[in-house]
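Report on the structure
Here is what each chain is made of, one letter per residue.
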Amino acid sequence: MKRLSIIVLMVITLASLSAAGKSESENVATSSFSWIEGPEVEGLPGVNPLKVSGNIITAGSSTVYPLSERMAERFKEEGYSGVITIDSIGSGAGFERFTVSGETDISNASRGIKASEIEDAKKIGRNPIEFRVGTDALAVVVSKENTFLKDATMEELGKIFSTAKLWSDINPAYPAEPIQRFIPGTDSGTFDYFSEEVFDKNPEPMLSASHLQLSEDDNILVQGIKGSPYAIGFFGYAYYSENEDSLNILSINGIEASKANVDNNSYPLARPLFLYSDAEIMKSKPQVAAFLDFYLSYVNEEVVGVGYFPANEDELNKARQAWLDATQGAY
């Protein structure tokens, strides 16, 4: 009888230890996402930025940069005390940092990731996850001093940014003055996108054009275009929006860059904006998961003010579901 009592006691003790161990394990799983607080927002866990610690490193598209900068500012305004690094270096260079050197937690991009970049990421143990965050109407712009150009067809854009030397080569009514071209650098997703849409993925005619200046810094392009009535260039809509007092935006094929025309896909140069990260990064660095959650929850409250357009709601919901899938079991 005594032996039976001892056995029962041991079973109870082991069961208690097992339960305690399970509870401790569950606490470990939930403690990393201790910033979750309050009701869900757009189907994602509520984020309390005051409870988020640790630094976040991002790099990539100059087009996405103003939007990510604004979301980071709001994250800090609401209590996040860490450091968010956002480098504006172009989508291609941003992907290289994310998929080759593994230096960044998030890659900002104005184009989709390439198959070769996904393969590079896998070599360093990363599986890129795509998050759609907005839509850009790529802006083709001229100086306010330009009084002759209001609209261009896609065919005319091909000539303006390649073989035409003088504006009168486009239309005899235009001035017989050299076309001065200011375009994003070759690491830019904007460069890639324009090349794809206007030159059927062959950038050589554009790169061979005369009077050409390239820069990864869109603000340099803005200054160059402002400086001459015979200059033209292109970049993300936000940079036009910031400088519309000194720049004119062209209609393309007679279609203005507007929310309505972006939504109905009639504006020929509308394109998606993305963030990319990785499930293991999000789990091992809860601050990254928190920022992405916050971004996807509130981006539509900021995107228009920055100068872009909201993504289609279905696309945003796919991005939010991708966040939930990536963090499954982490909280």
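Overview of the structure. Source: prediction; values computed, not measured.

How each quantity is defined
Residues numbered from 1 in each chain as written. Predicted model: local features only at pLDDT ≥ 70, side-chain atom pairs only at ≥ 80, totals over all residues. Heavy atoms only, no water. Helix = DSSP H or I, 4+ residues; strand = E, 2+ residues; numbered from the N terminus. Rg over C-alpha atoms; globule rule 2.2 N^0.38 Å. Buried < 20%, exposed > 50% of the residue type's maximum accessible area, 1.4 Å probe, protein only. Contact = heavy atoms within 4.5 Å. Areas by Shrake-Rupley, 256 points an atom, 1.4 Å probe, with all protein chains shown as cover. Lys, Arg positive; Asp, Glu negative; His and termini not counted. Charge placed at Lys NZ, Arg CZ, Asp CG, Glu CD. Salt bridge = Lys/Arg side-chain N within 4 Å of Asp/Glu carboxyl O. Polar contact = N/O pair within 3.5 Å; in protein donor to acceptor, adjacent residues only side chain to side chain. Pairing = 2+ DSSP bridges. Axes fitted to C-alpha atoms, helices over the stretch in contact; angles between N-to-C directions. Bend = angle between axes of the 7 residues up to and from the residue.

Here we look at the overall build of the chain
- Of regular secondary structure, the chain possesses 13 helices and 12 strands.
- Relative to the compact-globule value of 20 Å for 331 residues, the chain shows a C-alpha radius of gyration of 25 Å, a clear excess of over 25%.
- Principal-axis analysis of the C-alpha atoms places the extent of the chain at approximately 110 × 35 × 35 Å.
- Across the 331 residues in the chain, those meeting the buried criterion constitute 50%.
- Across the chain, the fraction of contacts at a sequence separation of at least 24, relative to all contacts at a separation of at least 6, is 73%.
- Surface exposure of the chain reaches about 15000 Å², of which carbon and sulfur atoms provide 50%.
- Within the chain, one finds 27 positive and 47 negative side-chain charges whose respective centroids are separated by 7 Å.

Quick word on the pattern of salt bridges
- Inspection of the entire model under this criterion finds 18 salt bridges.
- Residue Arg70 is joined to Glu77 by a salt bridge in which the shortest nitrogen-to-oxygen separation is 3.3 Å.
- Across the salt bridge formed by Asp120 and Lys123, the nearest N and O atoms sit 3.9 Å from each other. With Asp120 and Lys123 both in helix H4 (residues 115-123) and 3 residues apart, this pair spans about one turn of that helix.

Notes on helix H6 (residues 189-199)
- In terms of burial, H6 is largely enclosed, as 8 of its 11 residues are buried.
- Regarding H6, the residues found buried are Gly189, Thr190, Phe191, Tyr193, Phe194, Ser195, Val198 and Phe199.
- N-cap assignment for H6: the residue whose side-chain oxygen lies 2.9 Å from the backbone N of Thr190 is Ser188.
- At the exit of H6 stands Asp200, carrying a positive phi of roughly 55°.

Details of the sheet that holds strand S12 (residues 270-277)
- One open sheet accounts for 5 strands, arranged S2-S1-S3-S12-S4; its pairing is mixed. A strand with exactly one partner marks an edge of an open sheet, and here the two such strands are strand S2 (84-88) and strand S4 (129-137). When strand polarity is set aside, the average angle formed by the axes of neighbouring strands in this sheet is 20°.
- Of the strand pairs in this sheet, strand S1 (residues 56-60) and strand S3 (residues 106-109) are connected by 3 bridges, and their pairing is parallel. Bridge pairing in S3 places Gly60 opposite Asn108.
- Packing against the sheet, helix H2 (residues 65-77) makes contact with S1, S2, S3, S4 and S12, and its axis sits at approximately 170° to S2.
- Lying on the sheet, helix H3 (residues 91-99) is in contact with S1, S2, S3 and S12; it crosses S3 at an angle near 165°.

Comments concerning helix H12 (residues 286-306)
- Of all the bends found along H12, the most pronounced is centred on Val299 and spans about 65°.
- Counting buried positions along H12 yields 17 of 21 residues, so the element is predominantly enclosed.
- The positive-phi residue at the C-terminal boundary of H12 is Gly307, with phi of around 120°.

Section: the side chain of Ser188
- Along the chain, Ser188 falls in the loop between strand S7 (180-184) and H6.
- Side-chain polar atoms of Ser188 contact the backbone nitrogen of Thr190, separated by 2.9 Å.
- Among all residues touching Ser188, those that are not within four sequence positions of it are Gly90, Ser91 and Glu216.

Some remarks on the sheet that holds strand S10 (residues 247-249)
- With mixed pairing, 5 strands are arranged side by side in an open sheet as S8-S7-S9-S5-S10. What marks the edges here is a single partner per strand, and that holds for strand S8 (212-215) and S10. Mean inter-strand twist for the sheet, computed between neighbouring axes without regard to direction, equals 25°.
- Where strand S5 (residues 139-143) meets strand S9 (residues 231-235), 4 bridges bridge the pair, whose relative direction is antiparallel.

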